[in-house]
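# Working through the structure, step by step
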Amino acid sequence: MKQVMKSSWIGVSTALLIFVIIGIIFDQTHQGFLPLENYQYTKMAVGTIIVGLGFGLPSLIYDKEQIPYSMQVLFHLGIGCAILLITGYMVGWFTNLVGAFIEIGMSLVVWIGFAYHYRKEAKQINQQLKK
């Protein structure tokens, strides 16, 4: 249960951070004019939480050492990207294929960042264990 909460927290907090940063970028590039109607901001915020859970919870697959790493990645990113595409389309983050590819590309960049971080952490732990 503790690991589920941790994965959920990491996924949701990362998604919300990205949501805020992108919101700031859009606000600046549109010179402070971002018209939102029909609870669009609320829909996007809830969608962000759903996407965070969609990437955070499947990351628990990495705890299953008997599953090959490539399958773990496929499972994790497959579920996360599917939820991202469905949710993103429903809340209006993108309306065409280019937008969808940009969203998938961003999620791959985030995944690479996390993979690098955890690989570096594992290397440090292994070095400490050898001492």
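For the structure, see preceding data.
Residues numbered from 1 in each chain as written. Predicted model: local features only at pLDDT ≥ 70, side-chain atom pairs only at ≥ 80, totals over all residues. Heavy atoms only, no water.

## Thoughts on the packing of aromatic side chains
Here a ring pair, both rings aromatic, is described through the centre-centre distance and the interplanar angle of the planes. Where we set the bar: To pair, rings of Phe, Tyr and Trp, with the six-membered ring standing in for Trp, must have centres within 6.5 Å; the planes then decide the type, stacked if under 30 degrees apart, edge-to-face if over 60, and tilted in the middle. Think of it this way: any DSSP run of H or I at least four residues long counts as a helix, any run of E at least two long counts as a strand, and we number them from the N terminus. Only protein chains enter the accessibility calculation, which uses a 1.4 Å probe; a residue whose area is less than 20% of its type maximum is buried, one above 50% is exposed, and one in between is partly exposed.
Across all of its chains, the model carries three aromatic pairs by this definition. Centre to centre, the rings of Phe 114 and Tyr 118 are 6.2 Å apart; their planes meet at 20°, and the pair counts as stacked. With a gap of four residues between them, Phe 114 and Tyr 118 both fall in helix H4 (residues 97-130), about one helical turn apart. Since its relative accessible area comes to 28%, Phe 114 is described here as partly exposed. Take Tyr 118: its relative accessible area is 37%, and that puts it in the partly exposed class.

## Section: helix H1 (residues 2-29)
Where we set the bar: An expected span of 1.5 Å times one less than the residue number is assigned to each helix. What makes two residues a contact is simply this: any of their non-hydrogen atoms within 4.5 Å.
A rise of 1.5 Å per residue sets the reference length of H1, with its 28 residues, at 40 Å; its end C-alpha atoms lie 40 Å apart and thus fit the reference within 8%. Of all the positions in H1, only Ser 7, Ser 8, Gly 11, Val 12, Ala 15 and Phe 19 are classed as buried. Where H1 is buried, its residues contact helix H2 (40-56). Two residues or fewer after H1 comes Gln 31, characterised by a positive phi angle close to 50°.

## A look at helix H3 (residues 69-91)
Each full turn of the α-helix corresponds to 3.6 residues, which orients residues three or four apart in the same direction. Between its first and last C-alpha, H3 extends 32 Å over 23 residues, near the 33 Å set by a 1.5 Å rise per residue. Listed as buried for H3 are Gln 72, Val 73, His 76, Leu 77, Gly 80, Cys 81, Leu 84, Thr 87, Gly 88 and Val 91. Residues of H3 that are buried make contact with H2 and H4.

## A short note on unusual backbone geometry
Phi is positive for Gln 31, which is not a glycine, with a value near 50°. Looking at the secondary structure, you find Gln 31 in the loop between H1 and H2. A relative accessible area of 76% places Gln 31 in the exposed class. Look at Asn 38: it is not a glycine, yet its phi comes out positive at around 55°. Tracing the sequence through the fold places Asn 38 in the loop between H1 and H2.

## A short note on the packing of H1 against H2
The angle between the axes and the distance between the axes are what describe a pair of packed helices. We apply this condition: Axis definition: a line fit to C-alpha positions, over the contact stretch in the case of helices; interaxial angles, taken between N-to-C directions, run 0 to 180 degrees. Note on angle classes: values under 35 degrees are labelled roughly parallel, values over 145 roughly antiparallel, values of 65 to 115 roughly perpendicular, and the remainder oblique. It is the rotation of the near helix from the far one that decides the hand of a crossing: anticlockwise by less than a right angle makes it left-handed, clockwise makes it right-handed.
The contact between H1 and H2 brings their axes to 7 Å, and the two run at 140°. Put simply, H1 runs oblique to H2. Taken as a pair, H1 and H2 cross one another with a handedness that is right-handed. Between H1, through Ser 7, Ser 8, Gly 11, Val 12, Ala 15, Leu 16 and Phe 19, and H2, the contact on the second element is made entirely by Tyr 41, Met 44, Ala 45, Thr 48, Ile 49, Gly 52, Leu 53 and Gly 56.

## A short note on the nonpolar core
Where we set the bar: Take the buried Ala, Val, Leu, Ile, Met, Phe, Trp, Tyr and Cys residues and link them wherever side-chain atoms come within 4.5 Å; each set so joined is a nonpolar core.
Judged by nonpolar contacts, Val 51, Phe 55, Val 73, Leu 77, Cys 81, Leu 84, Ile 104, Trp 111 and Ala 115 together constitute the single largest core of nine residues. Those elements that place two or more of their residues in this core are H2, H3 and H4. It is H3 that provides the largest number of residues to this core, a total of four residues. What Val 73 contacts, discounting residues up to four positions off in sequence, is Tyr 62, Gly 78 and Trp 111.

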